[in-house]
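# Overview (structure and organization)
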Amino acid sequence: VRLHLWSADSTRGSNCDVLLHRAPPLGEDGTANTVTDFLNLAMPPLLKDGQLAEGVEILLQGLQVPLDTPLYWLSLHASYLDHF
């Protein structure tokens, strides 16, 4: 999964970092991993008590994605031609 981390910085204007992180579609127990599972693995500071931290948005192709969306579903129905 490609993560774009954007923040507004008053001294430098806007700032964007891009990270690539492995995202297994299934957990060790065989259940489907969700967006929440992925964020807990890749970027735990983005979540507080299972919800997005203040000021955090999860967007996919410009649309907000529910945290309970399975990664496998997103892979099948919402990937670009390069599968990102």
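As the structure is a prediction and not an experimental result, all values here were calculated from the model.

Bringing the overall build of the protein chain into the picture now. A count of helical and extended segments in the protein chain gives two helices and six strands. In the protein chain, the succession of helices and strands from N to C terminus is β-β-α-β-β-β-β-α. Looking at the protein chain as a whole, 24% of its 84 residues qualify as buried. For the protein chain, the share of sequence-separated contacts (at least 6 apart) that also reach a separation of at least 24 residues comes to 32%. By element, 56% of the accessible surface of the protein chain is carried by carbon and sulfur atoms, the whole surface being about 6,400 Å².

Among the nonpolar cores identified, the biggest contains 14 residues, and V35, F38, L39, I58, L67 and L74 are the most heavily contacted of them. Only helix 1 (35-42) and helix 2 (71-77) provide two or more residues apiece to this core. Broken down by element, the residue count for this core peaks at four residues, all from helix 1. Those residues in contact with F38 that sit more than four places away from it in its chain are V1, L3, H21, R22, A23, M43 and L71.

In this section: the side chain of N33. Tracing the backbone shows N33 in the loop between strand 2 (13-20) and helix 1. Looking at N33, the relative accessible area reads 14%, which means it is buried. Residue contacts for N33: discarding those within four places in its chain leaves P24, P25, L26, G27, T69, P70 and L71.

Mapped onto the fold, T34 is located in the loop between strand 2 and helix 1. Judged by relative accessible area, which is 16%, T34 ranks as buried. Once you skip the residues sitting within four places of it in the chain, T34 turns out to touch L67, D68, T69, P70 and L71.

For L52, the position within the fold is in strand 4 (residues 51-52). Sequence spacing of L52 and L67 is 15 residues, and the spatial spacing of their C-alpha atoms is 8.6 Å.

Next up on the list: the confidence of the model for the protein chain. Per-residue pLDDT for the protein chain has a mean of 82; in total, 86% of the residues score no lower than 70. No element of the protein chain has a lower mean pLDDT than strand 1 (residues 2-9), at 70, and none a higher one than strand 3 (residues 47-48), at 92.

Definitions and cut-offs
The written sequence of each chain sets the order in which its residues are numbered from 1. The predicted nature of this model means local features are confined to residues of pLDDT at least 70 and side-chain atom pairs, given and counted, to a pLDDT of 80 or more, with totals for whole chains, interfaces and linings taken over all residues. Here the side-chain values reflect all heavy atoms present in the structure, with hydrogen atoms and water set aside. We count a stretch as a helix when DSSP gives it H or I for four or more residues in a row; a strand needs E for two or more, and each element gets its number in order from the N terminus. Buried residues are those whose accessible area, probed at 1.4 Å on protein chains only, stays under 20% of the maximum for their type, while exposed residues exceed 50% and partly exposed ones sit between those limits. For this analysis, residues touch if any pair of their heavy atoms sits within 4.5 Å. Only the protein chains shown count as covering a residue, and every accessible area follows the Shrake-Rupley method with a 1.4 Å probe. In plain words, nonpolar cores are sets of buried Ala, Val, Leu, Ile, Met, Phe, Trp, Tyr and Cys residues tied together by side-chain atoms within 4.5 Å. pLDDT gives the predictor's per-residue confidence on a scale running from 0 to 100.

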